Amino acid sequence: MLYPRGSESRHIQSLDGMWNFRIDASPNRNLGFEQKWYSGRLSTTGPVIPMAVPSSYNDVTEDKNIRDFVGWAWYDREFFVSNLSQNRRVVLRFGSAHYYAIVYVNGIEAVRHDGGHLPFEADVNTLLIVNGPNYVTVAVNNTLSPTTLPPGTISYKTDTSKYPEGYFVQNLQMDFFNYAGIHRHVRLYTTPKTYIDDITVTTTVDFASNIGHVNYAIEVVGDQSGTLKVEVIDKSGETVATGTTSKGTLQVNNPQLWWPYTMNVNNPAYLYTLKITLTGTDLDVYRLPIGIRVVNVTSDQFLINNKPFYCHGVDKHEDSDIRGKGLDYALIAKDFNMLKWLGVNCFRTSHYPYAEEILDQADQQGVVIIDESPGVGIGSRNFGNQSLSHHLEVMSEMYRRDKNRPAVCMWSVANEPESDNTKAVPYFKSVIGYTKQLDPTRPVSFTCSKDYSNDKCVQFVDVIMINRYYGWYSNTGHPEVIQRQINTNFMEWRKLYNKPLLVSEFGAGTVAGLHRQPSMAFTEEYQIEVLSQYHQAFDQHIGQFLVGELIWNFADFMTAQNPTRVVGNKKGILTRQRQPKAAAQLVRNRYNSMFNSSFNGDYRLCYL
């Protein structure tokens, strides 16, 4: 699924803005379908309120029932299309809707999609009114079940002496708030009737000859008699390679490679443009940003362009005040400024695929991405065939969306599954094997919270990613044990598997402004002590087999209400408003010093 890009042959119309909105709070949450709310304007079915698209609906109002709602939420809005669209293909595209969505155009179902975080679209020509108003209606359901990603369960409370009739509770298997709504852009875009439908690009580099190879495959829908012109264009606008076939390899002499910004400070993140022109009965033009780079993994290194890469990174969430998980350009800009300030060169899209606009910035600014699926908290009840089938489809959608991105250097198929369960073995052998089959050019992994002594699935990954919370979830208040426990854990993993290791989560929670000396849990002093101990342990293994560290978390984020903690997860080194805590300066000093310093003769970060 190509990202909508305007061109000489393509027009984009945004449907973002204020939509009409209401929840279906009926006991069975099905009144909207029973009364066919989609058959006319939503305002005729009952009271509606304005709702911003994109955004999560949960934190926009002052209504607790909307914030905590589980079930079908309904949106609609009016739009018009140009007369020029009559001879064009018109596509309605959603960047994401959370989690299950059904879309109607003028009362007729256009498309439905299972799963949040990923785009979906439909051709809508036959549903449109050209000389008058149209309306689009969207029903979105955020209910999590044992077969969704992420999974969850519903508990029905039948004791009417304690609960109202029909009362139920959504149980989460994830530690973040179940934000819902239309989270990303809604657009209409047009193409010719014969059009470029898909592009797949991989790159290789002959380092000895300094030649880059751009391997491409183009899919055209419609009249196949047209001609193609394929061009690789550099930043100055010069064409450096051309082709005329739908599948081939273009040679780029003396290529500018795509590098993380910490591996090439003078010319990082170099992007060429792959321009494809289809001529014949129709003209279609599409421009795809591409980077020439290769990723390889050895038994003890993660290589980008044959140079060792060390990930000094963070985990993140798409999460902020008011808009929840809704796309926000100012927040994206702020986050990347903070990432650069910290010296972060890599982050994991924990625990779901992030917006394409976020990945655009990673491509353009030279920040490596570990692209993670929404397979968080998969447990014993989630290893059935229906769950597996959905997980494979999600990985396929992720690959189709992000396959051409140079910043995406590794796939993560899950976060903290019950990988010690016997049922997990065939499940993850299938998911990881399928992902490698889709994309043999990138390593594949998952983040493991189980111990080396009982995990059964790390055997299938290319890079071992482990989440460890010594001094926090275990031995709380005792940072003095962290180095010993980390070193022991590392060496036991290394005995079992001759693979590089990356610490995908570590850290401690803290409440901003809470201080105590001597330190105690949740104080800013304790977070610094915990991180310092981890850093000292990591320093003993950098340059051997440790290829990265990802702090949990970049910024505080919202969770479900829980009596054991202050509202929200407080493990960030920044507040939810992106204000640095004391530990942020510690991390900044460490990561920025790694740019060009050495450690006992071993690299921390390989500079060109």
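Cut-off values and rules
- Residues take numbers from 1 onward in each chain, read along the sequence in its written order.
- Confidence filtering applies because this is a predicted model: local features only for residues at pLDDT of at least 70, side-chain atom pairs given and counted only at 80 or more, and all residues used for totals across whole chains, interfaces and linings.
- Side-chain descriptors were evaluated using all non-hydrogen atoms of the structure, hydrogens and water having been removed beforehand.
- UniProt positions are given in the numbering used here, feature names are shortened, and annotations may be inferred rather than shown by experiment.
- Pairing between two strands is assigned when DSSP locates at least 2 bridges connecting them.
- Numbered from the N terminus, helices here are DSSP runs of H or I no shorter than four residues, and strands are runs of E no shorter than two.
- Every axis in this analysis is a line fitted to C-alpha atoms, fitted for helices over the stretch in contact. Angles between the N-to-C directions lie between 0 and 180 degrees.
- We call a residue buried when its accessible area falls under 20% of the maximum for its residue type, exposed when it is over 50%, and partly exposed in between, using a 1.4 Å probe and counting protein chains only.
- To define a nonpolar core, start from buried Ala, Val, Leu, Ile, Met, Phe, Trp, Tyr and Cys residues and group those joined through side-chain atoms within 4.5 Å.
- Contacts are residue-level and defined by heavy atoms, with any inter-residue pair within 4.5 Å sufficient.
- The rule for a disulfide is simple: a pair of cysteine sulfur atoms within 2.5 Å.
- Each residue after the first adds 1.5 Å to the expected span of a helix.
- Each direction from the helix axis to a C-beta atom contributes to the arc, which is the arc of those directions.

Where an unreviewed UniProt entry is consulted, the chain appears under the name Beta-glucuronidase, with the organism given as Patella caerulea. Listed under Function (unreviewed entry) in UniProt, the entry text for the chain is "Plays an important role in the degradation of dermatan and keratan sulfates." Per UniProt, the comment on the chain under Subcellular location (unreviewed entry) is "Lysosome".

Colleague: What exactly am I supposed to notice about the pairing of strand S16 (residues 211-221) here?
Modeller: Every other side chain in a regular strand lies on the same face of the sheet, so the side chains alternate between the two faces. Taken together, the 11 bridges between strand S15 (residues 195-206) and S16 define a ladder with antiparallel strand orientation. Across the sheet, residue isoleucine 196 finds its bridge partner in S16, namely valine 220. Between S15 and S16, which pair antiparallel one after the other, the connecting turn spans 4 residues, and asparagine 210 there sits at a positive phi close to 55 degrees. Of the strand pairs in this sheet, S16 and strand S19 (residues 247-253) are connected by 7 bridges, and their pairing is antiparallel. By the bridge assignment for S19, histidine 213 is matched with glutamine 251.

Colleague: Just to check I follow, could you spell out the sheet that holds strand S2 (residues 17-23) for this structure?
Modeller: Strand order across the open sheet formed by 6 strands is S3-S2-S4-S10-S7-S8, with antiparallel pairing between neighbours. Of all the strands in the sheet, just strand S3 (49-53) and strand S8 (108-114) have a single pairing partner and so form its edges. Averaged over all pairs of adjacent strands, the angle between strand axes in this sheet comes to 30 degrees, irrespective of strand direction. Both strand S4 (residues 72-79) and strand S10 (residues 134-141) contribute to a ladder of 8 bridges, which runs antiparallel. For tryptophan 74, the partnering residue across the bridge sits in S10 and is alanine 139.

Colleague: Explain the pairing of strand S17 (residues 227-233) to me, please; I cannot follow it from the model alone.
Modeller: Burial within S17 is extensive, with 5 of its 7 residues counted as buried. When S17 meets strand S20 (residues 272-279), the two strands line up antiparallel, connected through 7 bridges. In the sheet register, valine 230 faces S20, and the bridge partner there is isoleucine 276. The pairing of S17 with strand S18 (residues 239-243) spans 4 bridges and is classified as antiparallel. Residue pairing in the sheet places valine 232 in a bridge with alanine 241 of S18. The antiparallel hairpin formed by S17 and S18 contains 5 residues in its connecting segment, where glycine 237 sits at a positive phi of about 95 degrees.

Colleague: Looking at this structure, how should I read the UniProt feature "domain: Glycosyl hydrolases family 2 sugar binding" (unreviewed entry) in the chain?
Modeller: In this structure's numbering, the residues bearing the UniProt feature "domain: Glycosyl hydrolases family 2 sugar binding" (unreviewed entry) are residues 12-192. Regarding residues 12-192, the helix share stands at 4% and the strand share at 41%, and the terminal C-alpha atoms are separated by 13 Å.

Colleague: Can you help me understand the nonpolar core in this one?
Modeller: For soluble globular proteins, nonpolar side chains are generally found buried alongside one another. The biggest cluster of nonpolar side chains holds 132 residues, and the ones touching the most others in it are Leu274 and Phe428. In contact with phenylalanine 428, other than residues within four places in its own chain, are Ile378, Phe383, His391, Val413, Ala414, Pro417, Gly433, Cys457 and Phe460. With 33 residues, the next largest nonpolar core counts Leu15, Phe79, Val138 and Leu188 among its residues.

Colleague: How should I be thinking about the sheet that holds strand S21 (residues 284-290) in this particular structure?
Modeller: Backbone hydrogen bonds hold the strands of a sheet together, and the pairing may be parallel or antiparallel. Spatially, 4 strands are ordered S18-S17-S20-S21 in an open sheet, and the strand pairing comes out antiparallel. Here the strands that pair on one side only, and so sit at the sheet edges, are S18 and S21. Sheet twist, expressed as the mean angle between neighbouring strand axes with direction ignored, is 20 degrees.

Colleague: Can you walk me through the state of the cysteines in this structure?
Modeller: One covalent bond between the sulfur atoms of two cysteine residues makes up a disulfide. With the rule as written, the count across this model stands at 0 disulfides. The thiol of cysteine 457 is not disulfide-bonded; the next cysteine sulfur, from cysteine 448, is found 8.2 Å away. Assessed through its relative accessible area of 0%, cysteine 457 is described here as buried.

Colleague: Even after reading the chapter, I still don't get helix H3 (residues 329-342), so can you show me in this structure?
Modeller: Because an α-helix completes one turn every 3.6 residues, residues spaced three or four positions apart along the sequence face the same direction. With 14 residues, H3 extends 20 Å from end C-alpha to end C-alpha; this agrees with the ideal 20 Å at 1.5 Å per step. The complete set of buried residues in H3 reads Leu331, Ile332, Asp335, Phe336, Met338, Leu339 and Leu342. One side of H3 carries all its buried residues, which in axial view fall inside an arc of 160 degrees. In H3, the exposed residues that point more than 90 degrees away from the buried face are Ala330 and Asn337.

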